[in-house]
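For reference, the chains in residue letters:
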Amino acid sequence: MQKRNAYRTAILGILMAIILVQSMVPFLGFIPTGFINITIIHITVIVAAIVLGPKNGAIVGLVWGIGTIIRAFTSPTSIIDTTVFTNPVVAVLPRVAVGLIAGWIYLWFKNHTNKKVLGMAVASGVGSLVNTGLVLGLMRMMYASTMAQAYATQTDLLNKLLLVIVGTNGVPEMIAAIIIAPAISSAILKTNKFLD
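Residues numbered from 1 in each chain as written. Predicted model: local features only at pLDDT ≥ 70, side-chain atom pairs only at ≥ 80, totals over all residues. Heavy atoms only, no water.

The name given to the chain in an unreviewed UniProt entry is ECF transporter S component, with Candidatus Companilactobacillus pullicola as the source organism.

So this is what it looks like as structure tokens:
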């Protein structure tokens, strides 16, 4: 039992360290486009949620959120970072939700079916959509006029702009998560008896 807990803690520490590096180094977690960042960092949170469970997935998501705030203050990569991503509601809440929801979905598949890989894929897709939906939804609710001004559009056209972002960023992020997160999670779970 002690060995199992120590190993799980070590994996959690490694994933948290990876998140911090991804948060601070462009192209490791965020691909800056100038318009908005394409996020790949959520894959690490989803892997944590699948491999270690929803609680630890939420912890890794929290670290991601804190890293997002630090990056927004120290090295913003898009025109809205310093306004939007310095707010913990936008920067942290969706990231924690990714870990919780992806972890819960995977646990349901694990406990109720024998289709673990399918569970990983569904958890990855939903986790990615949760991040995209919550971040954009909160941005729309809290910063509509700021976003309209930053993107040189009218507030009533902002919904169309957000749908474009979902299509150009959210869908590729989801596809990447569905492919990559189950592959990494399966490899980690197969090579370690202490995790599954």
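Structure shown, so let's carry the discussion forward.
Here we take up the UniProt feature "transmembrane region" (unreviewed entry) in the chain. Following the UniProt record, one finds the feature "transmembrane region" (unreviewed entry) at residues 7-28, 34-52, 59-80, 92-109, 121-141 and 161-184. Secondary structure content for residues 92-109 is 94% helix and 0% strand, and the end C-alpha separation is 27 Å. Between the C-alpha atoms that bound residues 121-141 there is a distance of 30 Å. The span itself is 100% helix and 0% strand. (UniProt positions renumbered as here; feature names shortened; annotations may be inferred. Helix = DSSP H or I, 4+ residues; strand = E, 2+ residues; numbered from the N terminus.)

Turning to a nonpolar patch on the surface, a few remarks are in order. On the surface, a cluster of nonpolar side chains totalling about 530 Å² of accessible area is made up of Val21, Met24, Val25, Leu28, Leu62, Ile66 and Ile70. Contributions of two or more residues to the nonpolar patch are made by helix H1 (2-24) and helix H3 (54-74). Examining the composition of the nonpolar patch, we find that three residues originate from one element, H3, more than from any other. With respect to the helices and strands, valine 25 occurs in the loop between H1 and strand S1 (30-31). The exposure class of valine 25 is partly exposed, given its relative accessible area of 36%. (Patch = residues over 30% accessible without salt bridge, like charges linked within 9 Å, V, L, I, M, F, W, Y side chains within 5 Å. Areas by Shrake-Rupley, 256 points an atom, 1.4 Å probe, with all protein chains shown as cover. Salt bridge = Lys/Arg side-chain N within 4 Å of Asp/Glu carboxyl O. Buried < 20%, exposed > 50% of the residue type's maximum accessible area, 1.4 Å probe, protein only.)

Glancing now at the packing of H3 against helix H6 (residues 93-112). It is at 6 Å that the axes of H3 and H6 come closest, and there the two elements cross at 160°. As summarised for this structure, H3 and H6 are arranged roughly antiparallel, according to the angle between their axes. Crossing angle aside, the handedness with which H3 passes H6 is right-handed. Each of Pro54, Gly57, Ala58, Gly61, Leu62, Trp64, Gly65 and Thr68 in H3 lies in contact with H6, whose residues at this interface are Arg95, Val96, Gly99, Leu100, Gly103, Trp104 and Leu107. Each residue belonging to the contact of H3 with H6 can be placed in one class, and the counts come to eight nonpolar, six polar and one charged. (Axes fitted to C-alpha atoms, helices over the stretch in contact; angles between N-to-C directions. Parallel < 35°, antiparallel > 145°, perpendicular 65-115°, else oblique. Left-handed = near helix turned anticlockwise from the far one by under 90°. Contact = heavy atoms within 4.5 Å. Nonpolar A, V, L, I, M, F, W, Y, C, P; charged D, E, K, R; others polar.)

Helix length check: H1 (23 residues) gives 33 Å between terminal C-alpha atoms against 33 Å at 1.5 Å per residue, within 8%. Taken residue by residue, H1 has Arg8, Ile11, Leu12, Leu15, Ile19, Gln22 and Ser23 as its buried positions. (Expected span 1.5 Å × (residues − 1).)

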